[in-house]
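So you can see what is in the structure, the chains are spelled out below.
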Amino acid sequence: MTGETTINSIFAIGDIHGCSTALQALLRAIDPKPDDTIVVLGDVIDWGPDSKACIQQLIDLSSRCRLILVRGNHEEMLFAALESRSERRYWFKFGGEETIRSYPYVGGERVVDREHVRFLKANARDYYETDEFIFVHASYDPIKPMAEQSNRKLQWEPIQPDKMLAHCSGKIVIAGHTPQTSGEPLDLDFLKVIDTDCCRGGWLTALEVGKGTFVQTNQGAKCDSASSLSAETFRVLRTPISKLLTSNRSRPQSQYSSGN
Ligand SMILES: [Mn+2]
């Protein structure tokens, strides 16, 4: 299929939120090759049990394949918390306390590893755009080019499915941030939302954008052996996303497009 060979090695991963067990199982399941690109859609940290391990896994991953990290509002809260006490109190209320608890005491207090902060700051970008896809943490203004989007839209604004319009570029947008408590990604054809609420007992989703395949794991997935990826902890969902890449083709009904 035209164009598919150039994009079938891009995986987007939704909000990880400290769910290191699910992340480890997900990376094992998708097994990225050195030429593959993994786009992490932000909110790597907070709420879940082990943000420290999640950041470390991404650092390790960055030497194994091409890693793109989009900045989420929780990374922004962490960066602000490092600058001010009031921001630190705010961050603690929104999952930051769990993040701090994943780090050991250093000199009487727990602090986020300096190398981890440096990694996040050096790599976290506003958005990522390819010839066919746009990757954001939260949302977008449909009538503005990506370079003109506001921080509020990109990092903070929740998706209201009935109010969303396709981006003016015609590209499919892949987003996280707005939890899909059903555990299934939201598919509006022109927009896929793949935060499937892993940190509250849901799933961690990776979308292989060239194939339109969603791979999901959850915190129940123990990584000791391949057989531990049971139906309760690992599943694959398919959507005809690749069909959307040929615009003159009639669009098949998406399996997720009705209701949500
Ligand atoms: Mn978020």
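Being a predicted model, the structure only gives us computed values, none of them experimental. (Residues numbered from 1 in each chain as written. Predicted model: local features only at pLDDT ≥ 70, side-chain atom pairs only at ≥ 80, totals over all residues.)

**Here we look at the overall build of the protein chain**
This is how the line gets drawn: Helix and strand labels come from DSSP, where a helix needs a run of H or I of at least four residues and a strand needs a run of E of at least two; each type is numbered from the N terminus. Exposure classes come from backbone-placed C-beta atoms, where a residue is buried if 20 or more other C-beta atoms lie within 10 Å of its own, exposed if 12 or fewer do, and partly exposed in between. This entry defines residue contacts through backbone-placed C-beta atoms, with two residues in contact when those atoms are within 7 Å.
Each helix and strand in the protein chain was counted, giving 7 helices and 14 strands. In the protein chain, which comprises 260 residues, the proportion classed as buried is 42%. Counting contacts in the protein chain only where the partners sit at least 6 residues apart, residues at least 24 apart contribute 65% of the total.

**Observations regarding the nonpolar core**
Note the threshold: The nonpolar core is taken to be a set of buried Ala, Val, Leu, Ile, Met, Phe, Trp, Tyr and Cys residues joined by way of C-beta atoms within 7 Å.
Within the largest apolar cluster, 60 residues are counted, with the highest numbers of intra-cluster contacts made by Ala 12, Val 70, Phe 135 and Ile 174. Setting aside its immediate chain neighbours within four residues, Val 70 contacts Val 39, Val 40, Leu 41, Gly 42, Ala 124, Arg 125, Tyr 127, Tyr 128, Phe 135, Val 136 and His 137.

**Quick word on helix 4 (residues 73-81)**
Three or more residues of helix 4 are buried, namely Asn 73, His 74, Glu 75, Met 77, Leu 78 and Ala 81. The elements touched by buried residues of helix 4 are helix 5 (85-101), helix 6 (114-123), strand 6 (124-125) and helix 7 (151-156).

**Observations concerning the sheet that holds strand 11 (residues 191-193)**
The test is simple: Strands are treated as partners if at least two bridges between them are detected by DSSP.
Judged by pairing direction, the sheet is mixed, and its 5 strands sit side by side in the order 7-8-9-11-10 without closing on themselves. Sheet topology places strand 7 (128-129) and strand 10 (186-187) at the edges, where each strand pairs with a single neighbour. The pairing of strand 8 (residues 133-136) with strand 9 (residues 172-175) spans 4 bridges and is parallel. Bridging from a neighbouring strand, Phe 133 pairs with Ile 172 of strand 9.

**Considerations on the packing of helix 2 (residues 20-30) against helix 3 (residues 51-61)**
Rules: Angles here are taken between N-to-C directions and fall from 0 to 180 degrees, while the axes themselves are lines fitted to C-alpha atoms, restricted in helices to the stretch in contact. By the definition adopted for this analysis, an angle is roughly parallel if under 35 degrees, roughly antiparallel if over 145, roughly perpendicular if from 65 to 115, and oblique otherwise. Should the near helix be turned anticlockwise from the far one by less than a right angle, the crossing is termed left-handed; should it be turned clockwise, right-handed. Classes in brief: Ala, Val, Leu, Ile, Met, Phe, Trp, Tyr, Cys and Pro nonpolar; Asp, Glu, Lys and Arg charged; the others, Gly included, polar.
It is at 9 Å that the axes of helix 2 and helix 3 come closest, and there the two elements cross at 25°. Classified by the angle their axes make, helix 2 and helix 3 are roughly parallel. The element helix 2 and its partner helix 3 pack so that their crossing is left-handed. Counting all contacts with helix 2, which are made through Ser 20, Leu 23, Gln 24 and Leu 27, the residues of helix 3 involved are Ala 53, Cys 54, Gln 57 and Leu 61. Classifying every residue of the contact of helix 2 with helix 3 by side-chain character gives 5 nonpolar, 3 polar and no charged.

**Notes on the pairing of strand 8**
Filter applied, for reference: We call a crossover right-handed when, viewed with the strands running away from us, the connection from the first strand over the helix to the second turns clockwise.
Bridge count for strand 7 against strand 8 is 2 bridges, and the pairing is antiparallel. By the bridge assignment, Glu 129 is partnered in strand 8 with Ile 134. Between strand 7 and strand 8, which pair antiparallel and follow one another directly, the connecting turn spans 3 residues. Note that the unit made of strand 8, helix 7 and strand 9 has a crossover that is right-handed.

**Re the packing of helix 4 against helix 5**
Two numbers describe how helix 4 lies on helix 5: the axes approach to 8 Å, and their chain directions differ by 145°. As helix 4 runs across helix 5, the sense of the crossing is left-handed. Here His 74, Met 77, Leu 78, Ala 80 and Ala 81 of helix 4 come into contact with helix 5, specifically with Glu 87, Arg 88, Tyr 90, Trp 91, Phe 94, Gly 95 and Gly 96. Of the residues contributing to the contact of helix 4 with helix 5, the split by class is 7 nonpolar, 3 polar and 2 charged.

**A word on the confidence of the model for the protein chain**
Threshold: pLDDT measures the predictor's confidence residue by residue and takes values from 0 up to 100.
In this model, the protein chain carries a mean pLDDT of 88, and residues with pLDDT of at least 70 account for 85%. Low confidence marks residues 1-7, where pLDDT is under 50. Its contacts with residues over four positions away, or in another chain, come to 11 contacts. When the criterion is pLDDT under 50, residues 241-260 qualifies, and its contacts beyond four places in sequence or with other chains add up to 33 contacts.

**Some remarks on the environment of His 177**
Mapped onto the elements, His 177 comes out in the loop between strand 9 and strand 10. When near neighbours in sequence (up to four residues on either side) are disregarded, His 177 contacts Asp 15, Asp 43, Gly 72, His 137, Ala 138, Pro 158 and Asp 195.

**Some words on helix 3**
Applied cut-off: It is the directions from the helix axis to the C-beta atoms that the arc portrays.
Looking at helix 3, one finds that the buried residues are Ser 51, Lys 52, Cys 54, Ile 55 and Leu 58. Each buried residue of helix 3 lies within a common arc of 165° when the element is viewed along its axis, so the set occupies one face. In this fold, the buried residues of helix 3 make contact with helix 2, strand 2 (37-40), strand 3 (66-70), helix 5 and helix 6.

**Concerning the pairing of strand 3**
By the bridge criterion, 4 bridges tie strand 2 to strand 3 in an arrangement that is parallel. For Thr 37, the partnering residue across the bridge sits in strand 3 and is Arg 66. Where strand 3 lies against strand 6, 2 bridges are found, and the strand directions are parallel. Considered in strand 6, the bridge of Leu 69 is made with Ala 124.

**Notes on the environment of Leu 41**
By secondary structure assignment, the location of Leu 41 is in the loop between strand 2 and helix 3. Residue classification places Leu 41 among the buried positions, given that 30 C-beta atoms sit within 10 Å. A C-alpha to C-alpha distance of 10.0 Å links Leu 41 and Asp 126, two positions 85 residues apart in sequence.

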